[in-house]
Amino acid sequence: MELIEKMYQDLGLDNSGFITENVMTFCTQALKHHSGSVREVAERIIISLYKAVGEPVKSYLPPDDDKTRKNTLYRQLFEAFDKIDGKPSKQELKKQQASEESNKAAEIEALQAQLQQLKDMGASVKPPGDTAGKNTGKGNLKSNQKDKKKAPAKKVAPKGVKKPTKASEEDDTSTLFNIDKTCIFCGEKDNAFTEEGLDIHYWKSCPMLKRCANCKQVVEIASLSDHLTTECDSKADFAKCPRCTEALPKSEYDQHIKDKTCNPAETSKSHCPLCHENHTQGEEEWKTHLMGKTGCKHNPRRIAHLNKQPTGAKGKGVGKPVGVKAKGIR
């Protein structure tokens, strides 16, 4: 066997009399030999041949499946083939899969905690006249949730709706149920907006909100910079540019200040942290910028929202529950 191996190494396949069929026929028989040293040499020749010709070698071996890989010899061969092809071994794949599952479980746990916070927020709509938890300019839903807990969890009718009489109580209950199916941030109304449906909407698709890449909190885009510098778990890693007012990683801050290429914020206007443009101040103006057809080109949720909404119903004509105002909108 050592002689065959030496000849193959010296002569190769070209004009040597060695061909894939002859070599593999010989080696597959050698793999069944009772002597371990013979099997090892046959294994080395097969691996060398695979480096030269690739896939055709596998046609002379059992199928590459879990059953075959239970055999130590064939497992070593197929793992060597995988390594030559640049593929991870089965063991490496299992480790990778375990790591992915662990990361996925951690992300699910974080999302469940976030959804619970959103549920608490949605259940704490304040009644008319309650001044607890007024706009603080922070814009973080977590802070918004704490403010709203000061008010009783009570369904509230929109402005202009009279207090229900006993005769109309059933109809008004239906009306209030429909109000609950309205997003208090973008104004979208959807029958799918049950308590859980709204949670998913906030987390995944509301164009006025964004998940912080650092702490995974859902925050309002209008006050993302404030969140990153005052509330985020990673706030120590950010600093606010006095020129554009945006939050920047401290590792990039000095160069950013030195370059002076950012778009300066204007005191009479709002500044978008996504597209860096200035626009007219006001809650409705933020909606137009973040949700409109010609709005922020860097808001990935805007297009999905526009495609979802019927013409003429893109966040217009739908009011928020009384006493609820998106924080940080200015």
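Summary of the structure given here. (Residues numbered from 1 in each chain as written. Predicted model: local features only at pLDDT ≥ 70, side-chain atom pairs only at ≥ 80, totals over all residues. Heavy atoms only, no water.)

Helices and strands together make up the secondary structure of the chain, namely 13 helices and six strands. For the chain, the proportion of its 330 residues judged to be buried stands at 40%. Accessible surface for the chain amounts to roughly 19,400 Å². Of this, 50% is attributable to carbon and sulfur atoms. (Helix = DSSP H or I, 4+ residues; strand = E, 2+ residues; numbered from the N terminus. Buried < 20%, exposed > 50% of the residue type's maximum accessible area, 1.4 Å probe, protein only. Areas by Shrake-Rupley, 256 points an atom, 1.4 Å probe, with all protein chains shown as cover.)

Below, the discussion takes up helix 13 (residues 300-308). For helix 13, the set of buried residues is Arg301, Arg302, His305 and Leu306. Relative to the axis of helix 13, the buried residues are bounded by an arc of 135° and lie together on one face. Residues of helix 13 that are exposed and point over 90 degrees away from its buried face: Pro300 and Asn307. For helix 13, the elements touching its buried residues are helix 9 (195-204), strand 1 (209-211) and helix 12 (283-291). (Arc of directions from axis to C-beta. Contact = heavy atoms within 4.5 Å.)

Our next topic: the packing of aromatic side chains. Under the counting rule described, the total for this entry stands at three aromatic pairs. With 5.5 Å between their ring centres and 85° between their planes, Phe185 and Tyr202 make a pair best called edge-to-face. In this pair, Phe185 sits in the loop between helix 8 (169-179) and helix 9 while Tyr202 sits in helix 9, placing the two residues 17 residues apart along the sequence. By the burial criterion, Phe185 is buried, and Tyr202 matches it. An aromatic cluster of at least three residues, connected via ring pairs, comprises Tyr50, Phe78 and Phe81. (Phe/Tyr/Trp six-rings, centres within 6.5 Å; stacked < 30°, edge-to-face > 60°.)

The next thing to look at is the pattern of salt bridges. All told, the structure shown has five salt bridges when counted by the stated rule. The salt bridge involving Asp82 is made with Arg69; its shortest N-O contact spans 2.9 Å. Separated by 13 residues along the polypeptide, Asp82 in helix 5 (residues 72-85) and Arg69 in helix 4 (residues 66-69) bring together distant segments of the chain. In terms of burial, Asp82 and Arg69 fall into one category: buried. A salt bridge links Glu284 to Lys287; the nearest nitrogen and oxygen atoms lie 4.0 Å apart. Here Glu284 pairs with Lys287, and both are found in helix 12, just three residues apart, close to one helical turn. Overall, the relative accessible area of 48% leaves Glu284 in the partly exposed class. By relative accessible area, Lys287 is classed as buried at 7%. A single salt-bridge network, built from bridges that share partners, covers Asp64, Arg69 and Asp82. (Salt bridge = Lys/Arg side-chain N within 4 Å of Asp/Glu carboxyl O.)

At their nearest, the axes of helix 2 (residues 20-30) and helix 3 (residues 36-53) sit 9 Å apart, and the two run at 150° to each other. By the angle between their directions, the pair helix 2 and helix 3 is classed as roughly antiparallel. Here helix 2 runs over helix 3; the crossing is left-handed. In contact with Thr20, Val23, Met24, Cys27 and Ala30 of helix 2, helix 3 contributes Val38, Arg39, Ala42, Ile45, Ile46, Leu49 and Val53. Residues of the contact of helix 2 with helix 3, tallied by class, amount to 10 nonpolar, one polar and one charged. (Axes fitted to C-alpha atoms, helices over the stretch in contact; angles between N-to-C directions. Parallel < 35°, antiparallel > 145°, perpendicular 65-115°, else oblique. Left-handed = near helix turned anticlockwise from the far one by under 90°. Nonpolar A, V, L, I, M, F, W, Y, C, P; charged D, E, K, R; others polar.)

A surface patch of nonpolar side chains, amounting to about 290 Å² of accessible area, comprises Leu3, Met7 and Leu11. Counting through the fold element by element, Met7 comes out in helix 1 (residues 2-11). Since its relative accessible area comes to 34%, Met7 is described here as partly exposed. (Patch = residues over 30% accessible without salt bridge, like charges linked within 9 Å, V, L, I, M, F, W, Y side chains within 5 Å.)

With 18 residues, helix 3 extends 26 Å from end C-alpha to end C-alpha; this agrees with the ideal 26 Å at 1.5 Å per step. All of the buried residues along helix 3 are Val38, Val41, Ala42, Glu43, Ile45, Ile46, Ile47, Leu49 and Tyr50. Following helix 3 by one or two positions, Gly54 has its phi on the positive side, about 75°. (Expected span 1.5 Å × (residues − 1).)

It is worth spelling out the nonpolar core at this point. Core analysis: the largest hydrophobic core is formed by 28 residues, its most contacted members being Cys183, Phe185 and Met208. Of all the elements in the fold, those that place two or more residues in this core are helix 9, strand 2 (218-220), helix 10 (224-230) and helix 12. No other element matches the three residues that helix 12 contributes to this core. Listed in part, the 22 residues of the second largest apolar core include Val41, Ile45, Leu49 and Phe81. (Core = buried A, V, L, I, M, F, W, Y, C linked by side-chain atoms within 4.5 Å.)

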